[in-house]
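Working through the structure, step by step
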Amino acid sequence: ADLVINAGTVATNNGDVFITDLAGNITGPGNITAGTGNVTLNASLGRVTLSAADGQISGNLLTVLAQNSSTLNTSVESLAAAISGPAESLTVVETDGLAIAPGNVTTSEGNVSLTLLDGNLTGAGSIHAVETPNSTVTLVVNQGAVSLTGTITGGLLDLTALNSSTLFTDVDSL
């Protein structure tokens, strides 16, 4: 069964938030607010779809674990994610700067799309869209730069940034 975050807010006073649905999806229009705390969303047999409004998930580190394609609107400091299903994707729209955490962002031959409405994309973590000709990593940084020290892997890297950017890649094409 799906776990629905209803209208309103799941909030802590800078504490960590752990939400797990082992049999379904995590969805809904409600917000998750952790202040300086971390947020972990685990839909190990489903998807996470929390994309009703800008910054729907806020906190320090957001960790997403899902089997199927997941879509999130965030206002977090850093991101780690693992989408385990073959050819399933991850889409994140972040309101400001974002760091890729050392836990990495990975899919199993699926696409990764990260859009930052403001700020820079940084971090020591890697972005792995398991290199196949069909996997695409799309990075859109509307008001900043990309400065990643981890490696980006995939079939195609599609990068749009306002400012000069530095990154390491292992992709088939740019």
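A brief look at the structure comes next. Predicted model only: the values in this text are computed from it and were never measured.

**Things to note about the overall build of the protein chain**
- Counting its regular elements, the protein chain contains zero helices and 17 strands.
- In terms of C-alpha radius of gyration, the protein chain reaches 15 Å, essentially the compact-globule figure of 16 Å for 174 residues.
- C-alpha extents for the protein chain along the principal axes are approximately 40 × 30 × 25 Å.
- Among the 174 residues that make up the protein chain, the fraction classed as buried is 48%.
- Residue pairs at least 24 apart in sequence account for 23% of intrachain contacts in the protein chain once pairs closer than 6 positions are excluded.
- As displayed, the protein chain has an accessible area near 7300 Å², and 49% of this comes from carbon and sulfur atoms.

**Remarks on the side chain of Asn 73**
- Within the secondary structure layout, Asn 73 lies in strand 9 (residues 70-86).
- From its side chain, Asn 73 meets the backbone oxygen of Ser 51 in a polar contact 3.3 Å long.
- Only 3.2 Å separates the side chain of Asn 73 from the backbone oxygen of Ala 53, close enough to count as a polar contact.
- Residues within four places of Asn 73 in sequence aside, it is in contact with Leu 50, Ser 51, Ala 52, Ala 53, Asp 54, Gly 55, Gln 56, Ile 57 and Val 93.

**Some thoughts on the pairing of strand 11 (residues 98-108)**
- One ladder, built from six bridges, connects strand 9 with strand 11; its direction is parallel. Directly across from Ala 81, in strand 11, lies its bridge partner Val 105.
- With three bridges connecting them, strand 11 and strand 13 (residues 121-123) associate as parallel partners. What sits directly across from Ile 100, in strand 13, is Gly 123.
- Here strand 11 pairs with strand 14 (residues 127-128) via two bridges, running parallel.

**Considerations on the nonpolar core**
- Counting residues in hydrophobic clusters, the biggest one holds 39 residues, and the most contacted among them are Leu 41, Val 48, Ile 57, Leu 62, Leu 72, Leu 121 and Ile 127.
- Tallying contributions element by element places strand 9 first for this core, with five residues.
- Apart from the residues lying within four places of it in its own chain, the contact partners of Ile 57 are Ile 32, Val 39, Leu 41, Leu 50, Leu 62, Leu 72, Asn 73, Thr 74, Ser 75 and Val 76.

**With respect to the environment of Leu 41**
- In this fold, Leu 41 is placed in strand 6 (residues 39-43).
- Note on Leu 41: relative accessible area 0%, which makes it buried.
- Measuring from C-alpha to C-alpha, the distance between Leu 41 and Gly 110 comes to 19 Å, with 69 residues separating the pair along the chain.
- Non-local contacts of Leu 41, meaning those with residues more than four positions away in its chain, are made with Ile 19, Ile 26, Ile 32, Val 48, Leu 50, Ile 57, Leu 62, Thr 63, Val 64, Leu 65 and Leu 72.

**Quick notes on the environment of Ala 43**
- Considering the arrangement of structural elements, one finds Ala 43 in strand 6.
- For the pair Ala 43 and Val 64, spaced 21 residues apart in sequence, the C-alpha separation works out to 8.1 Å.

**Re unusual backbone geometry**
- Although it is not a glycine, Ala 87 sits at a positive phi angle of roughly 65 degrees.
- Of note, Ala 87 is situated in the loop between strand 9 and strand 10 (90-94).
- In the Ramachandran plot, Asn 104 falls in the positive-phi region, its phi being about 70 degrees despite a non-glycine side chain.
- Positionally, Asn 104 belongs in strand 11.

What counts and what doesn't
- Residues numbered from 1 in each chain as written.
- Predicted model: local features only at pLDDT ≥ 70, side-chain atom pairs only at ≥ 80, totals over all residues.
- Heavy atoms only, no water.
- Helix = DSSP H or I, 4+ residues; strand = E, 2+ residues; numbered from the N terminus.
- Rg over C-alpha atoms; globule rule 2.2 N^0.38 Å.
- Buried < 20%, exposed > 50% of the residue type's maximum accessible area, 1.4 Å probe, protein only.
- Contact = heavy atoms within 4.5 Å.
- Areas by Shrake-Rupley, 256 points an atom, 1.4 Å probe, with all protein chains shown as cover.
- Polar contact = N/O pair within 3.5 Å; in protein donor to acceptor, adjacent residues only side chain to side chain.
- Pairing = 2+ DSSP bridges.
- Core = buried A, V, L, I, M, F, W, Y, C linked by side-chain atoms within 4.5 Å.

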